[in-house]
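An overview of the molecular structure
Letter by letter, the chains look like this.
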Amino acid sequence: LFEQSLGLYQTLDDPLNVAYALGALAGLAAVHAEFDQAHRLSNKSLATFRELGDARGLVEALRLRARIAVMENDDRVAASSHAECLTLRHALMP
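I will try to describe carefully the structure that is included in this document. (Residues numbered from 1 in each chain as written. Predicted model: local features only at pLDDT ≥ 70, side-chain atom pairs only at ≥ 80, totals over all residues. Heavy atoms only, no water.)

**Considerations on the pattern of salt bridges**
So the rule is basically this: Just to be clear on terms, a salt bridge is a Lys or Arg side-chain nitrogen sitting within 4 Å of an Asp or Glu carboxyl oxygen. The secondary structure listing takes helices from DSSP runs of H or I that are at least 4 residues long and strands from runs of E that are at least 2 residues long, numbered from the N terminus. Categorising residues by exposure relies on relative accessible area from a 1.4 Å probe, with only protein chains included: less than 20% of the type maximum marks a residue as buried, more than 50% marks it as exposed, and the intermediate range marks it as partly exposed.
With the rule as written, the count across this model stands at 3 salt bridges. Its salt-bridge partner being Glu84, residue Arg50 comes within 3.0 Å of it at the nearest N-O pair. Within this pair, whereas Arg50 is found in helix 3 (residues 35-52), its partner Glu84 is found in helix 5 (residues 75-92), the two being separated by 34 residues in sequence. Among the salt bridges present, the one from Glu84 reaches Arg65, with a minimum N-O distance of 4.0 Å. Of this pair, Glu84 sits in helix 5 while Arg65 is found in helix 4 (residues 55-71), placing the two residues 19 residues apart along the sequence. For Glu84, a relative accessible area of 27% translates into the label partly exposed.

This is the structure:
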């Protein structure tokens, strides 16, 4: 279903929702321990949110990158991703 969503959003030239679909697929890949795929998809999602300047999406992408890093026992990436995520999250709060 996520792959179908990705295809539809790509067809509609909707980069924001493409980024969300890529993140969903990355999370699914990580759950199945397909970490190379998870990294590839999450990096595309993260880059798209940065390019679009979408702070909320960027927070979600950073949270996902941190979660994947935790699953791989990569404390350095997990900590830096969580730190950036929290900084952005606080900036979004009123």
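**Description of the packing of helix 3 against helix 4**
Going by this rule: To obtain each axis, a line is fitted to C-alpha atoms, and for helices this fit is confined to the stretch in contact; angles are then taken between N-to-C directions over 0 to 180 degrees. Roughly parallel means an angle under 35 degrees; roughly antiparallel means over 145; roughly perpendicular covers 65 to 115; every other angle is labelled oblique. Crossing handedness follows the turn of the near helix against the far one: under a right angle anticlockwise gives a left-handed crossing, and clockwise gives a right-handed one. Whether two residues are in contact is decided by their heavy atoms: any pair within 4.5 Å suffices. Three classes are used, and their members are as follows: Ala, Val, Leu, Ile, Met, Phe, Trp, Tyr, Cys and Pro are nonpolar, Asp, Glu, Lys and Arg are charged, and the others, Gly among them, are polar.
For the pair helix 3 and helix 4, the least separation of the axes is 9 Å and the interaxial angle reads 160°. Considering the angle they form, helix 3 stands roughly antiparallel to helix 4. With respect to the hand of their crossing, helix 3 and helix 4 are arranged in left-handed fashion. Of the residues in helix 4, those touching helix 3 at Phe35, Ala38, His39, Ser42, Ser45, Leu46, Phe49 and Arg50 are Gly57, Leu58, Ala61, Leu62, Leu64, Arg65, Ile68 and Met71. Residue classes in the contact of helix 3 with helix 4 are distributed as 10 nonpolar, 4 polar and 2 charged.

**Notes on the packing of aromatic side chains**
Keep this limit in mind: Two rings from Phe, Tyr or Trp (for Trp, the six-membered ring) form a pair when their centres are within 6.5 Å of each other. A pair whose planes differ by under 30 degrees is stacked, one over 60 is edge-to-face, and the rest are tilted.
The full count for this structure, using the stated rule, is 1 aromatic pair. Both rings, one in Tyr20 and one in Phe49, keep their centres 4.8 Å apart while their planes meet at 70°; by these two values the pair is edge-to-face. Within this pair, whereas Tyr20 is found in helix 2 (residues 15-31), its partner Phe49 is found in helix 3, the two being separated by 29 residues in sequence.

**Points about the nonpolar core**
Note the threshold: To form a nonpolar core, buried Ala, Val, Leu, Ile, Met, Phe, Trp, Tyr and Cys residues must be joined to one another through side-chain atoms within 4.5 Å.
If you look at the biggest cluster of nonpolar residues, it comprises 13 residues, and the most contacted ones within it are Leu6, Leu22, Ala30, Ala38, Leu41 and Ile68. Going through the elements one at a time, helix 2, helix 3 and helix 4 are the ones with two or more residues in this core. A total of 7 residues in this core trace back to one element, the largest contributor, which is helix 2. Apart from residues no more than four positions distant in its own chain, Ala38 is found in contact with Ala26, Ala29, Ala30 and Ile68. With 8 residues, the next largest nonpolar core counts Phe49, Leu58, Val59 and Leu62 among its residues.

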